[in-house]
Amino acid sequence: MVDFFINWAANVPAFAVPFALAALGLIVTEKSGVLSLGAEGYLLMGALAAAGASVVIGDHSLVAFAVGALAAAALSLVFALMAVTLRANQVVAGLVMVFLAQGLTGLIGTQQGWTNRPIAGLDRIPLGPLADIPVLGPILFRQDMLVYLTLPIFFAVAYLLSHTMVGLRLRAVGDAPEAADAAGTSVTIYRYGAIIAGAAIVGLAGAYLSVGVAKMWVEGMSGGRGWIAVALVIFARWQPWRALAGAVLFGGIEALIPRVAAVGLQVPQYFMLMAPYIVTLAVMVYANLNKSTERRFDEPRGLGQPYLREERR
Amino acid sequence: MTDIDHNIPAALPAVNNSELRAKRQGFGRFNLEVRQHASAWYQVVALAGGVGAGLFIAALILVASGVGFSDLANEFIFSIFSTPRSLSDVLTQAAPLLIVGLAAAVAFRVRFWNIGIEGQMILGSIAATGVAIGNIGPAPLRVATMFIAAALGGMLWMLIPALLRIRHGVNEIISTLLLNYVAFNLLLHLLYGSWKDPKSGFPNSEQYEAVERLATVGWESLTYALPLALILTAVIWWLLNVSRYGYFTRVVQANPRMAAAMGLPVIAVTMGAALLSGALAGVAGFAISAGVEYRMTQGFFVGYGFSGILIAFLARNNPLGAVLVALCVATLFIASQSLQVFYQIPGSVVQLVQAVVVICVAASEFFIRYRIRRIHRGS
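Residues numbered from 1 in each chain as written. Chains lettered and ligands numbered in written order. Predicted model: local features only at pLDDT ≥ 70, side-chain atom pairs only at ≥ 80, totals over all residues.

1. So, the overall build of chain B
- Regarding its fold elements, chain B presents 15 helices and two strands.
- Each of the three principal axes of chain B carries a C-alpha extent, and together these read 95 × 55 × 35 Å.
- Relative to its 379 residues, chain B shows a buried fraction of 45%.
- Contacts in chain B between residues at least 24 apart in sequence constitute 77% of all its contacts with a sequence separation of at least 6. (Helix = DSSP H or I, 4+ residues; strand = E, 2+ residues; numbered from the N terminus. Buried ≥ 20, exposed ≤ 12 C-beta atoms within 10 Å, placed from the backbone. Contact = placed C-beta atoms within 7 Å.)

2. What about the interface of chain A and chain B?
- Residue-level contacts link 44 residues of chain A with 39 residues of chain B.
- Residue assignment for the side of chain A that touches chain B shows that the elements contributing at least two residues are helix H3 (61-85), helix H4 (90-112), helix H10 (225-235) and helix H12 (269-288) of chain A.
- At 14 residues, the largest contribution of residues to the side of chain A that touches chain B is made by H4 of chain A.
- Here the side of chain A that touches chain B is built from residues that sort into 29 nonpolar, ten polar and five charged. (Nonpolar A, V, L, I, M, F, W, Y, C, P; charged D, E, K, R; others polar.)

3. A look at the pairing of strand E2 (residues 370-374) of chain B
All names here are of chain B.
- Among the five residues of E2, zero are classified as buried, and the element is accordingly described as predominantly exposed.
- Bridge analysis of strand E1 (residues 30-34) against E2 gives five bridges, and the strand direction is antiparallel. Within E2, the position partnered with Phe-30 by the bridge is Arg-374. (Pairing = 2+ DSSP bridges.)

4. Thoughts on the environment of Ala-261 of chain A
- Locating Ala-261 of chain A in the fold gives a position in helix H11 (residues 240-263).
- Taking the C-alpha atoms as reference points, Ala-261 of chain A and Met-272 of chain A, separated by eleven residues in sequence, lie 9.4 Å from one another.

5. Some details on unusual backbone geometry
- Its identity is not glycine, yet Lys-215 of chain A carries a phi of approximately 60°, on the positive side.
- In this structure, Lys-215 of chain A sits in the loop between helix H9 (187-214) and H10.
- Judged by local crowding, Lys-215 of chain A falls into the partly exposed class, with 15 C-beta atoms found within 10 Å.
- The phi dihedral of Gln-344 of chain B is positive, around 55°, even though this residue is not glycine.
- Inspection of the secondary structure assignment puts Gln-344 of chain B in the loop between helix H14 (319-343) and helix H15 (349-369).
- Judged by local crowding, Gln-344 of chain B falls into the exposed class, with 11 C-beta atoms found within 10 Å.

6. Quick word on H12 of chain A
- Taking 1.5 Å per residue, 20 residues should reach 28 Å; H12 of chain A reaches 30 Å between its end C-alpha atoms and fits that length.
- Within H12 of chain A, the axis deviates most sharply at Ala-275 of chain A, by approximately 40°, and proline Pro-276 of chain A lies no more than four positions further along.
- Listed in full, the buried residues belonging to H12 of chain A are Met-274, Pro-276, Tyr-277, Thr-280, Leu-281, Val-283, Met-284 and Ala-287 of chain A.
- Lining the buried residues of H12 of chain A we find H10 and H11 of chain A together with helix H8 (172-191) of chain B. (Expected span 1.5 Å × (residues − 1). Bend = angle between axes of the 7 residues up to and from the residue.)

7. Quick notes on the nonpolar core
- Core analysis: the biggest nonpolar cluster contains 220 residues, and Ala-23 and Leu-232 of chain A together with Ile-99 of chain B have the highest contact counts within it.
- With 16 residues, the top contributor of residues to this core is H9 of chain A.
- Those residues within four positions of Ile-99 of chain B in sequence are excluded, and the remaining contacts are Ala-229, Leu-232, Leu-280, Val-283, Ala-284 and Ala-287 of chain B. (Core = buried A, V, L, I, M, F, W, Y, C linked by C-beta atoms within 7 Å.)

8. A word on the packing of H11 of chain A against H12 of chain A
Residues and elements named next belong to chain A.
- Orientation of H11 relative to H12, taken along the N-to-C sense of each, is 165°, at an axis distance of 9 Å. As summarised for this structure, H11 and H12 are arranged roughly antiparallel, according to the angle between their axes. Remark: the crossing between H11 and H12 carries right-handed chirality. On H12, the residues touching Phe-250, Ile-253, Glu-254, Ile-257 and Val-260 of H11 are Met-272, Leu-273, Ala-275, Pro-276 and Val-279.
- Partitioned by chemical class, the residues of the contact of H11 with H12 number nine nonpolar, no polar and one charged. (Axes fitted to C-alpha atoms, helices over the stretch in contact; angles between N-to-C directions. Parallel < 35°, antiparallel > 145°, perpendicular 65-115°, else oblique. Left-handed = near helix turned anticlockwise from the far one by under 90°.)

The values reported here are purely geometric and, on their own, carry no functional implication.
Shown next as structure tokens:
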């Protein structure tokens, strides 16, 4: 039983990191008041670009991650153009990004023959003596590079959002664009920046799916994780640390799925595979229970509304 | 008063105000104005320009991935409309597309974002196949029973997100989408389990018997799925544009809060449209299983969710416009099948083309809603 627990817990971080980073990227974007439903698309793009980079230039994981993040950021320019400059409906613009990425990654990946090509990927790095601590060692200190990097990334983004002028202006643009505009902050520039930076973080999560976990690329490999991340952000009330906690919860459930059958529990396979989505729905219901007035203010107040100075509101 | 006016220049640094304002505008020295009115002709031209630009970019992408330009024209225009056989393929394909387009349009009319059309199609087909496998009801009425079962299946699947939104405020975009994955796993559970084809052992349901299929109309392989879709179009058009309910949906779409203040039953109107949308999506699943494939397969629903959204978006939620758009999308589907066979272009290119068209149309709507004005210095 202890072995089972350690084995499960040691695998949770690898499953939690994609959720955590995807949710973090979404929080950055949505804090600026732009509703971002395209996370699934950025995950697909990051996964394809990182896997492709690994196939083309060989196994330089860091380069692959950078390529994944950059590719997602480049794709997000299309979304930024639609949502910010052209003031399109942000629901439509976000959905379109998912389908654009599905089509684009399917076309590029198949044409280049990147499907199922094995990638060396990330190794687990034991952290010296810490890795030999019983129980905690294998769970916390025998992980790969990106798991270790996730915490610093969270610290950096949380600090940026809540303790710097850039973060203050970003939140102002998201909460009251007309006030931020009157105070001399460019809504357009901050929203573009938030969309691109957020997409890069989501792209990193996508790169981790292909290069870090699966160690290969297949079409549509994100399997709805981007949508779970969208739900996670609502559950986390746009707060990075709550999103991290939620990501660990989902990582824990996902890590449990392949292990349930091993213990001898007779749950039909496909019902187990439904679990993450059903839990997400349950979490969404929970997030909306006892919705007090105080909690409602967690949502950026300008979320989903295009800003145009000349428009009467 | 004159005293104060006189003092201001001393207190403030001398800045050319209009220049500063112009510099801070998002578009440099350009200004965006909301159009009060755009003529119908202007709207049509802008929309057509958007669609045209989208198709042009999509064609460029296909040419870049190895399809010759003349081959592309050949695949899309000549070979599809040259033989009755391929024309009937397009019309057969158009039937389920038209129905999912109606499903999306009905939901969007009350601002309910139904992204779960594929899940509702799966449940519709599961319900219809259940009737077929269980031989439920008298044989002459079997297809009708399957039709009703499919509508109920899609409707019940939609009941979950509809209730979650009304009771618990859960965003329907996420709930309908997540339920797609649940429905897909349910489909796999059945197809790899008790509903596996006993004859071949493949993971699809056994073939429907003759009484469980939509009959052919007597021209090529076209079935009654298309007349069914057209009848549904007429009914939905009447419902949305003529009936009192349609008027209610228009008020709810324009402004839900005002509709509530006026005493309209906003929740009932929204629920009704959402459930109708689910039922239509279920019927689309039935139309594919009983009218095209004659069994329930693993991937019969793939791509229809987005196509439905696209059809409703391009047709501006108008059922009659949806007929035209559905035909175009059906052409795209059929052309992509031959691209897949002859040029090894993956099927996901259908999604790519549709996404590019939506992006360009969204861009064209910008020019319908706004006017770009140049700001003159000192004005």
